[in-house]
Amino acid sequence: MTKYSLPDTNYTTQKIMKYTAPTKEGYFGKFGGKFVPEILIPALEELEIAYEESLNDPLFQKEYHDLLKEYVGRPTKLTYANRLTDHYGKGKIYFKREDLCHTGAHKINNAIGQLLLARNMGKTRIIAETGAGQHGVATATACAKFGFDCVIYMGAEDMERQKLNVDRMRLLGAEVRSVTSGSQTLKDATNEAIRDWVTNVENTFYIIGSVVGPHPYPVMTRNFHRVIGEETKEQLKHAEGRLPDYLVACVGGGSNAIGFFYPFIEDEDVKMIGIEAAGLGADTDQTAATLTIGTPGVLHGSLSYLLHDTEGQVQLAHSISAGLDYPGIGPEHSYLFDTKRVHYFGITDQQAMDAVKRVSETEGIIPAIETAHAFAYLETLMPLTQKDEIVVVNCSGRGDKDMKTISEWFS
Amino acid sequence: MITTQKSRVSSLFEQRKDNSKIMSLFITAGYPDLGSTVDLILGFEKNGADIIELGMPFSDPLADGPTIQYASNVAISNGITMKKIFEMVKEVRKSSEIPIILMGYINPIMRYGMEEFCRDAAECGADGLILPDLPPEESTIISESAKKYNLDIIYLVAPNSTDARMKKVDDLSSGFVYCVSVTGVTGARKGEEVAKSVDRFIGRVNQYVTKNPKLVGFGIKNHEDAKLIAKQVDGFIVGSALIDTIRKNYPNNDWMQNVLSFVNELKYGTKET
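Residues numbered from 1 in each chain as written. Chains lettered and ligands numbered in written order. Predicted model: local features only at pLDDT ≥ 70, side-chain atom pairs only at ≥ 80, totals over all residues. Heavy atoms only, no water.

Turning our attention to the interface of chain B and chain A. Reports often express the size of an interface as the amount of accessible area lost when the parts come together. Taken residue by residue, the interface counts 37 residues in chain B and 36 residues in chain A. Across the chain B/chain A interface, buried area totals approximately 2800 Å², and carbon plus sulfur atoms make up 52% of it. Linking chain B to chain A there are 2 salt bridges. With its nearest N and O atoms 2.5 Å apart, the salt bridge here joins Arg-165 of chain B to Glu-38 of chain A. Where chain B touches chain A, the interface holds 20 residue pairs in polar contact (both at pLDDT 80 or more). At the level of elements, α4 (66-77), α6 (106-112), β6 (156-157) and α9 (163-172) of chain B are the ones that each hand at least two residues to the side of chain B that touches chain A. With 5 residues, the single largest contributor to the side of chain B that touches chain A is α6 of chain B. (Contact = heavy atoms within 4.5 Å. Buried area = accessible area lost by both parts, 1.4 Å probe. Salt bridge = Lys/Arg side-chain N within 4 Å of Asp/Glu carboxyl O. Polar contact = N/O pair within 3.5 Å; in protein donor to acceptor, adjacent residues only side chain to side chain. Helix = DSSP H or I, 4+ residues; strand = E, 2+ residues; numbered from the N terminus.)

A few words on the pattern of salt bridges. All names here are of chain A. For the structure on display, the rule yields 46 salt bridges over all chains. Here Lys-163 ties to Asp-167 by a salt bridge, and the two come within 3.2 Å at their closest N and O atoms. Residue Lys-163 and its partner Asp-167 are located together in helix α7 (residues 163-171), separated by 4 residues, close to a single helical turn. Its relative accessible area of 37% is what places Asp-167 among the partly exposed residues. If you follow the salt bridges from partner to partner, you end up with Arg-74, Lys-96, Glu-98 and Glu-231 in one network. (Buried < 20%, exposed > 50% of the residue type's maximum accessible area, 1.4 Å probe, protein only.)

This next bit is on the packing of aromatic side chains. Here a ring pair, both rings aromatic, is described through the centre-centre distance and the interplanar angle of the planes. Applying the stated criterion to the full structure yields 22 aromatic pairs over all chains. Considering the side-chain rings of Tyr-305 of chain A and Phe-337 of chain A, the 5.3 Å spacing of their centres and the 85° angle between planes classify their relative orientation as edge-to-face. Here the residue Tyr-305 of chain A occupies a position in strand β12 (residues 302-306), and Phe-337 of chain A occupies one in helix α13 (residues 331-338), the gap between them amounting to 32 residues. The residues Tyr-305 of chain A and Phe-337 of chain A share a single accessibility class, namely buried. Here Phe-86 of chain B and Tyr-112 of chain B contribute two aromatic rings whose centre-to-centre distance is 5.6 Å and whose plane-to-plane angle is 80°, an arrangement assigned as edge-to-face. In this pair, Phe-86 of chain B is assigned in helix α5 (residues 82-93) and Tyr-112 of chain B in helix α6, connecting sequence segments 26 residues apart. Taken together, the ring pairs in this structure connect Phe-31, Tyr-305, Phe-337 and Tyr-344 of chain A into an aromatic cluster. Here the basic side chain of Lys-357 of chain A rests over the ring of Phe-410 of chain A, its NZ or CZ set 5.9 Å away from the ring centre. (Phe/Tyr/Trp six-rings, centres within 6.5 Å; stacked < 30°, edge-to-face > 60°. Lys NZ or Arg CZ within 6 Å of the ring centre and 35° of its normal.)

We now examine the sheet that holds strand β6 (residues 149-155) of chain A. Residues and elements named next belong to chain A. Strand order in the open sheet formed by 4 strands is β7-β6-β5-β8, with parallel pairing between adjacent strands. Two strands lie at the open edges of the sheet, namely β7 (175-179) and β8 (204-206), each paired on one side alone. With direction set aside, neighbouring strand axes in the sheet form an average angle of 25°. Summarising the sheet, strand β5 (residues 125-130) and β6 pair through 6 bridges and their orientation is parallel. Opposite Arg-125, over in β6, you have Asp-149 as the bridge partner. The strands touched by helix α8 (residues 186-199) within the sheet are β5, β6, β7 and β8, with β5 carrying the most contacts at an inclination of about 160°. (Pairing = 2+ DSSP bridges. Axes fitted to C-alpha atoms, helices over the stretch in contact; angles between N-to-C directions.)

On to the sheet that holds strand β8 (residues 214-217) of chain B, then. Strands in a sheet are paired, the pairing made by backbone hydrogen bonds, and the direction either parallel or antiparallel. All names here are of chain B. One open sheet holds the 9 strands; their spatial order is β5-β4-β3-β2-β1-β9-β8-β7-β6, and the pairing between them is parallel. With partners counted over all chains shown, the strands left at the sheet margins are β5 (152-154) and β6, one partner each. Pairing geometry for β6 and strand β7 (residues 177-180), over 2 bridges, is parallel. The partner of Leu-156 across the bridge, within β7, is Tyr-178. Sheet contacts for helix α3 (residues 37-46): β1 (22-28) and β2 (51-56); angle to β1, the most-contacted strand, approximately 170°.

In structure tokens, the structure reads:
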């Protein structure tokens, strides 16, 4: 129950003076690694070298940051949520507006970065998995912009839930392949993408959409998203002259949260909270609250917390949001959870949908259902804050794609 | 008792005659039903199998094609567990000394406990492990336990493995080295296509994998494929084609006979029987 109780007012975080994870083998504490078939080892080694080189390549960095500025629309705004702040009558609430990124979510930061790497490595074909469709749309967009062949794997159930995004991907020229195995959602789409990669490893680059997968994907994807936290720090310094007290972000695989949190990890006074999808409740079998009820295991190439039964068979996750119903989580989140540097809580479908409505009505922003999980936690957090405290929520994506689900829920 | 187990695989290769190939057959434990696995293994042996690779089903077999995905799902629905797999091996050991290699993904093993898994696997009479998502980089999590209980760990090499990598795999492996004939997932392919590209790969394998015997697998579906593809190595592995045959025949009355005659032809060919 401790993971579900309200955070006490002496909310403590473990002091981390110097944060250097991961190791060169790709380990965040005991989590991470490269649990992949032999065929993928040369591809990962090649990627590691290309990625390392890109970090010290001024041309690559300039091209990437120019694209973020001129194409993605960065820096995204930091918006003061005055009516939501008044609603709680406690600390000040800001939104980091990743929903304003081109394509409607943070995912494009990473898709562009990985695509530039793919191009520099001479790959000609791009594949990706997608859950909510945001990563698929971001990847299809980047491929259109650079003229690459693009195949997106998407669970059949998700294609139904996120039809708008399927249409967008197709319009952008991508081939969307329906995945009908297993739960027909993100987990199975990822399996299929990996099988494609194993088969076409010579010419194909796999753009993974979250901070999951084998090393170097978790660290690479984090670093393509760290711009979220870096901008937040700068913008809040300008607006308030100081660091925030709380950061709140939703976590499926965990890419928007890691990008948001990472630049603040060494700032020990900044408390960070990751919000998992509890589905119908973390005490039911219809949940995606990996850290709340999972145990360590290996899925999709890395060791991390996982929802699996006593035989080690991976369980189907449930959430109303297609982007969060993943039975695993990025290995860095597992590490930050175990070290207590970040605290994690579960939010149910009901709580998230209530938050969609609340934020739409008070701030004129329709958030993605994924993002609404983070907003829902304000109900718990805000009453515990002081008037002079500052809470920043990562508004990771906009809700247009969810209008069908939202309308059905409230009708 | 434990010390005699390791010799099952190595003595098999020592006794191999130059003109015969070792045939290793993969079957998913609990497929097509829990009761048939032991009978299938014993029947395979009578019809020419030299090694059994017993698949431990996993919900997310990302190195496998549709055939083995299907068999894994059926076996999981049938209620297969690690304990039941060990019971099957124990049952086979009552009447057979055929080498049995347990093949599966790392997560179910991790969940069981590495040390406990190796102990129980050895105790029931298994000889080794093939773990397709555990490359040498990550193998330290289980290699000590495997060594303690005399279980061979068989690593894989693929056409895109570098020369240095092949040497490393050879150093770490015991029992044999598994040569993946093509880049891709498991499953039937056209034998001629595999054979075309496999020669250069096997040439390199023979140059850099020198300590261990070599078996080649992926894409072999009949005796002719096997002869062609395994020409330059010690033997061959068949999995998906065997499961496809079971799937085609089960649960007809004569399914078992049909599967066993497929196995017999796989080893000896139709003309030679």
